[in-house]
Amino acid sequence: MGKLLTVGVVLAGLLGLLSERFLTYRSRLLYDREPENKDLPNCRLIEGIEYGSEDLVILPNGLTFISSGLKSPTLKSFAPDRPGEIFLLDLNEADPKPVVLKISDGFDVSSFNPHGVSAHIGETDNVVYVFVVNHPHGTSTVEIFKFEEENNYLLHLKTIKHELLPSIDDIVALGPESFYATVDYYFANFIMQYVEILLGLPWSSVVYYSPTDVKEVACGFYFTNGINISPARKYIYIADSLDHSIHIMGKDDNNSLTPVKVIPLETIPGNIDVDPVTGNLWVGCLPNCWKLFNYDPESPPGSEVICIQNILSDEPVVTQVYANNGSVLQGSSVAAVYEKKLIVGTGFHKALLCDLSEPEHDVA
C-alpha cells in the first residue's frame, strides 16, 4: 500500500510539473494574442514567391537574396516535395520580379532546405559570398557560395558541419569563411527538441565559426532566432523568440561576445535586418506562434513587423509598422528596408513589398 501511495504521489507531481510546463509553453508562444491589423499603403504580394521567404539579405546595390522552401516538422509547407531555392530580387526595379538562382553542378539541390541567409563582400576583390543555413535530410550545415551576377549563378564553395552547430537557425557572415550562427536547439533530434522547448530549457546559444577557431560565445537563451551586426560592426543583435526579446552583445577583438542589454518586446521576434544608414533594426515577428505550430487554414498565423530606433541609447523606440491577421500574409519571419521599400518574408507563405515613401510612415 505504501509503495502504491509513493508511486501515486510521484505521478501526481510529474503530471503537475508537466501541466505547469505546458501552460508556460503556451504562454511563451503567445497563444491568445490577436493584434489588430495595421495596414500600409502601396503594398503588394511579390508574384512568384509562393512557398516561403524565410530569410533575406540585401546587398548595398539593392540586389536581394531570399531563401525559400524551408521544411521543418513544426512548419506548414504548401510544397513538401519541392526542393528549396534561393531567389534574387532587384529592389531598384519599379516592379521587381524574383529570379531563381542556378546552383553549380555537384551540389545536391534535391535535398536543398534553406533557412537563414547572409552575405559577405570581399574587401579587395568585391566577390559576393552567400552563406545559407541548410537542413538536408534533417541535419544542419552552412553552405558557402560565390555569387556570379552575370549568369544569375551560385558557385558552391564549401559545406560546413560541426558538433557545436547541431541545429542552426540564422547566420551573420563576418568574412569569406567566418560567421556567427544561432543554435536554436541543443539537440539535433526532433523529439528531444520538442522536450527541450516544452520544458523551457534555456539551452539555446550562439556560436562563432572560422576555419581556425570554433567556440560558443553566448548561451542561456530559450530560442535563438535571427542574428545580425551593427553598421560599425561593434555590436551583435540576437533575437530570443521565446523570451520575446532582442539581446545586444558587444563584439570583442577575439570574437567573443559581451552582454550589453536586453530589449523586451510584446511579440515573437524572428530574423533581424539592420538599416546600414540609420542603424535601425527591422524585425519580422510572429504575433502568435501557437498558430504557426498548430496550423489551421481557417485561423492562420499572422504577421507583424517592428522597427527599433536608437537601439544603443537608454531609450530605444519600438514601433509596430505592420500587422496582419493572416488574411494577406501568414507567419512573417523577416523584414528589411532598402531606399524606402519594405520587404516582408514568411517561413512558408508569400512575400510582401511596400512603399514607405509617404511621410506618415517614415520610421526609418
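Rules of the game
Residues numbered from 1 in each chain as written. Predicted model: local features only at pLDDT ≥ 70, side-chain atom pairs only at ≥ 80, totals over all residues. Heavy atoms only, no water. Core = buried A, V, L, I, M, F, W, Y, C linked by side-chain atoms within 4.5 Å. Buried < 20%, exposed > 50% of the residue type's maximum accessible area, 1.4 Å probe, protein only. Helix = DSSP H or I, 4+ residues; strand = E, 2+ residues; numbered from the N terminus. Contact = heavy atoms within 4.5 Å. Disulfide = S-S within 2.5 Å. Phe/Tyr/Trp six-rings, centres within 6.5 Å; stacked < 30°, edge-to-face > 60°. Lys NZ or Arg CZ within 6 Å of the ring centre and 35° of its normal. Pairing = 2+ DSSP bridges.

Engineer: Explain the nonpolar core here, please?
Structural biologist: If you look at soluble globular proteins, the nonpolar side chains tend to sit buried side by side. By size, the foremost hydrophobic cluster in this structure holds 18 residues, and its most contacted members are F65, V130, F147 and L154. For this core, the element with the most residues is strand β8 (residues 128–134), which contributes three residues. In contact with V130, not counting residues within four places along its chain, are F65, V117, S118, E143, I144, F145, F147 and L154. I144, L165, A173 and F179 belong to the second largest nonpolar core, which has 16 residues in total.

Engineer: In this structure, what is going on with the side chain of S111? I would like to understand it.
Structural biologist: For S111, the position within the fold is in the loop between β6 (102–103) and β7 (114–121). Setting aside its immediate chain neighbours within four residues, S111 contacts N134, H135, P136 and H137.

Engineer: How should I be thinking about the state of the cysteines in this particular structure?
Structural biologist: One pass over the full model with this rule turns up one disulfide. Shown here is the disulfide that connects C43 with C354, its sulfur atoms set 2.0 Å apart. Disulfide C43-C354: the torsion about the S-S bond is 115°, which places it as right-handed. In this pair, C43 sits in strand β1 (residues 43–45) while C354 sits in strand β25 (residues 352–355), placing the two residues 311 residues apart along the sequence. Left without a disulfide partner, C289 is nearest to the cysteine sulfur of C285, which lies 11 Å away.

Engineer: Teacher, can you tell me more about the packing of aromatic side chains here?
Structural biologist: Aromatic ring pairs: the centre-centre distance and the angle between the two ring planes describe each pair. Across all of its chains, the model carries 18 aromatic pairs by this definition. Taking the centre distance of 5.7 Å and the plane angle of 55° together, the rings of F78 and F348 count as tilted. Taken together, the residues span a long stretch of sequence, with F78 in the loop between β3 (63–68) and β4 (85–90) and F348 in the loop between β24 (341–346) and β25 at a distance of 270 residues. Here the aromatic rings of Y185 and F223 are separated by 5.2 Å at their centres, their planes lie at 85°, and the arrangement is edge-to-face. A residue pair is termed long-range when its members are at least 10 positions apart, and Y185 in the loop between β12 (179–183) and α2 (190–198) and F223 in the loop between β14 (213–221) and β15 (224–229) qualify at 38 residues. One residue, R26, lies across the ring of Y31, its end atom 3.9 Å from the ring centre.

Engineer: Would you take a moment to explain the sheet that holds strand β5 (residues 99–100) for this structure?
Structural biologist: Strand-to-strand pairing in sheets goes through backbone hydrogen bonds, with the strands running parallel or antiparallel. Spatial ordering of the open sheet is given by β2-β3-β4-β5, a layout of four strands whose pairing is antiparallel. Where the open sheet ends on each side, the last strands, each with one partner, are β2 (55–58) and β5. Strand direction decides the pairing type here: β3 and β4, joined by six bridges, are antiparallel. The partner of L63 across the bridge, within β4, is D90.

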